[in-house]
Amino acid sequence: MFNFNNTYTKLPGMFYSRQQPAQNPLAGMVYFNEILANKLRIDINLQNSPKIFSGDELPKNAAPISQAYAGFQYGRFNVLGDGRAVILGEHITPNGERFDIQLKGSGRTHYSRGGDGLAALAPMLREVLISEFLAAVNIPTTRSLAVVTTGKDVVRERVLQGAVLTRIASSHIRVGTFDFARLMGSADDVKALADYVIWRHFPHIETYNDNHRYLLLLREAADLQAKLIAQWMNIGFVHGVMNTDNMSICGETIDLGPCAFMDAYDPETVFSSIDQHGRYSYKNQPAIGGWNLARFSESLLPLLSKDKAEAVKLAEIEINLYATKFDEYWLDEMRGKMGFVGEDSLDAQLARDLLEIMYFNKLDFTNTFNTFANSESGNCNSPLQEWLSNWEARLKRHGQNVGDAQKNIRQHNPAVIPRNHFVQASLDAAENGDFKPFSELLYALCNPYTFNGKFSTSSSEKYVTFCGT
Ligand code: AMP
Ligand code: MG
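Each chain has its residues counted from 1, following the order in which its sequence is written. Throughout, the order in which chains and ligands are written sets their labels, letters from A for the former and numbers from 1 for the latter. Given that the model is predicted, a residue must reach a pLDDT of at least 70 before its local features are reported, and side-chain atom pairs must reach 80 or more before they are shown or counted; all residues, however, enter totals for whole chains, interfaces and linings. With hydrogens and water set aside, each side-chain value is computed from the structure's full complement of heavy atoms.

**As for the pattern of salt bridges**
Now for step 1: Salt bridges are identified by distance alone: a Lys or Arg side-chain nitrogen within 4 Å of an Asp or Glu carboxyl oxygen. Inspection of every chain in the model, using the stated rule, returns 25 salt bridges.
Now for step 2: A salt bridge links Glu 127 to Arg 167, with the nearest nitrogen and oxygen atoms 3.7 Å apart. Within this pair, whereas Glu 127 is found in helix 3 (residues 121–136), its partner Arg 167 is found in strand 9 (residues 159–169), the two being separated by 40 residues in sequence. Comparing Glu 127 with Arg 167 shows no difference in burial state: the two are buried.
Now for step 3: Notably, a salt bridge pairs Asp 195 with Lys 191, separated by 3.2 Å at the nearest N-O pair. In this pair, Asp 195 and Lys 191 both sit in helix 5 (residues 187–201), 4 residues apart, roughly one turn of the helix.
Now for step 4: Only protein chains enter the accessibility calculation, which uses a 1.4 Å probe; a residue is then buried when its area is under 20% of its type maximum, exposed when over 50%, and partly exposed in between. Residue class for Lys 191 comes out partly exposed when judged on its relative accessible area of 29%.
Now for step 5: Look at the salt bridges and you will find they share partners, linking Glu 90, Arg 98, Asp 100 and Arg 200 into a network. The numbering of helices and of strands both runs from the N terminus, where a helix is a DSSP run of H or I of at least 4 residues and a strand a run of E of at least 2.

**Points about the site of ligand 1**
Now for step 1: Residues are labelled near a given molecule or strand when at least one of their non-hydrogen atoms is within 4 Å of it. The immediate surroundings of ligand 1 are formed by 17 residues, with Gly 81, Gly 83, Asp 116, Gly 117 and Asn 246 found nearest.
Now for step 2: Whenever a nitrogen or oxygen atom comes within 3.5 Å of another N or O atom, the pair is scored as a polar contact, on the condition that within protein one atom can donate a hydrogen and the other can accept it, and that pairs from neighbouring residues in sequence are kept only if both atoms are in side chains. At 3.4 Å, a backbone N or O of Leu 118 approaches a nitrogen atom of ligand 1.
Now for step 3: At a separation of 3.1 Å, an oxygen atom of ligand 1 approaches a polar side-chain atom of Asn 246.
Now for step 4: Protein burial of ligand 1: of its 480 Å² of free accessible surface, 85% is covered by the chains.
Now for step 5: Domain extents, as shown, originate in an automatic or database domain assignment. Per-domain counts for the shell around ligand 1 show at least three residues from each of domain 1 (8–169) and domain 2 (175–334). Using a 1.4 Å probe, accessible areas were evaluated by the Shrake-Rupley method; residue-level cover was limited to the displayed protein chains.

**Quick notes on the coordination of the magnesium ion (ligand 2)**
Now for step 1: With water omitted from the atoms examined, metal sites may look incomplete; donors here are N, O and S atoms no farther than 2.8 Å from the metal, or 3.2 Å in the case of Na, K and Ca. Protein coordination of the magnesium ion (ligand 2) is provided by Asn 246 (OD1) and Asp 255 (OD), with donor distances spanning 1.9 to 2.2 Å.
Now for step 2: Classification of Asn 246 by relative accessible area gives buried; the value is 9%.

**A short note on the nonpolar core**
Now for step 1: Here, nonpolar core refers to any group of buried Ala, Val, Leu, Ile, Met, Phe, Trp, Tyr and Cys residues whose side-chain atoms link them within 4.5 Å. The biggest cluster of nonpolar side chains holds 115 residues, and the ones touching the most others in it are Phe 178, Phe 296 and Trp 391.
Now for step 2: The dominant element in this core, judged by the number of residues it contributes, is helix 6 (residues 210–233), at 13 residues.
Now for step 3: Dropping the residues within four chain positions of it, Phe 296 is found in contact with Val 175, Phe 178, Leu 217, Leu 218, Ala 221 and Ile 249.
Now for step 4: Judged by nonpolar contacts, the second largest core, of 21 residues, contains Phe 32, Ala 62, Leu 88 and Ile 101. In what follows, a contact means two residues having at least one pair of non-hydrogen atoms within 4.5 Å.

**Thoughts on the domain arrangement of the protein**
Now for step 1: Segmentation of the protein into domains returns domain 1 (8–169), domain 2 (175–334) and domain 3 (336–412).
Now for step 2: Between the C-alpha centres of domain 1 and domain 3 there is a distance of 41 Å.

**What to know about the packing of helix 4 (residues 175–184) against helix 5**
Now for step 1: Working convention: axes come from line fits to C-alpha atoms, limited for helices to the stretch in contact. Angles between N-to-C directions cover 0 to 180 degrees. Their axes nearest at 8 Å, the elements helix 4 and helix 5 cross at an angle of 155 degrees. Overall, the two elements helix 4 and helix 5 adopt an arrangement that is roughly antiparallel. Of helix 5, the residues touching helix 4 (which contributes Thr 177, Phe 178, Ala 181 and Arg 182) are Asp 189, Val 190, Leu 193, Ala 194 and Val 197.
Now for step 2: Here the residues of the contact of helix 4 with helix 5 sort into 6 nonpolar, 1 polar and 2 charged. Any angle between 65 and 115 degrees counts as roughly perpendicular, while under 35 counts as roughly parallel, over 145 as roughly antiparallel, and the rest as oblique. Note that Gly is not counted as nonpolar here; it falls among the polar residues with everything else outside the nonpolar set of Ala, Val, Leu, Ile, Met, Phe, Trp, Tyr, Cys and Pro and the charged set of Asp, Glu, Lys and Arg.

Below you can see the structure in the form of structure tokens.
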């Protein structure tokens, strides 16, 4: 079964509520991630027990809770919490890694406010496709273990099939959990949470003395975000709802509701229907990461120094460091995508030039790299001609030949991404009981560096995503 060892409930009571999942006795298994189960040593025979994944049967040693948190949503503070999620427990793998096992969509909780606590089948399958793709391209993310249908209706704009997703995360602690502690609790609550996060995610800084360990907590969490967002940018990922409650403190991508992938390169890309002003557009993601980290640093201020001015100064240094690190990670990733080894002072310029060409020619972000990774030297389509000669000059300066660089590009740039039209078509079919397109797409997304004649093409259609699906 699961190897549960639950620690979150050692935190002060304000951080969670004991929560039995709602009853869904008609559960039917529609997806089980055997590879992930094997990796985490979760018993694969569980796939024959859909009631475990609908919340009907509690596995041994489960201690179900919903977590309290808050968040700055589009910049405004709100008290939130797991309105449709229940954590069954913390599973420990044989090498001692700890993962939350969470049911999403299993019914109302203490934090549901006006919501129904439910989830529909298509958005849960969508989360499977995107999380498993992100994992396949080595981007830290929550994972998807299972999806069951509940046999219950979920009323949205139309009546949909209810489903529960089993989500796996290194933890579900968010910047918003700290917002909650700071604005709804006491200084001791913030300290308890910070100590818990250090113990759980950053044990190597536990030995540092008080003030310094919290500064390191900020630095390390910021570093993980800088790297994560650089990875998002370089795969054309638009998260879509980067509220502080949707930013995991351990640097995993979380909350895959309104996210989507850009086809043609356009920095203004927004998919979410409610993001009218483009706050969470593609190009704004690094800055929003910084904005969220600034909120995190505000929570930590009293722990950084007794002297408020000194604490603010220390926090500012870390937030500035985040921006520098983001640029470094971004360029590193871009070097890989361009096939380069080593570093050259012109790399940043080459990267910017390439993006500009893509923008003005409405070129597909992913496939542009694939095109020059797979074409004969000097035989690429025209907008890139001049850029390619600079690219080749850069290769020559570093003793690389074109063939090796192209191989490098293919290793850094996926041939398949979750393109919106394919994702949508596979979900539409699944809703009608045909899971074949979903399985085929999922297979391609889990092998993203292998060219796939069916799923590698782009679409220029405007695509809109929705929150709270
Ligand atoms: P999200 O936009 O998914 O990050 O959700 C924001 C907040 O709304 C979180 O507190 C969620 O738990 C809550 N929420 C989203 N959908 C529902 C729902 N159907 N029922 C109850 N709460 C929900
Ligand atoms: Mg959320």
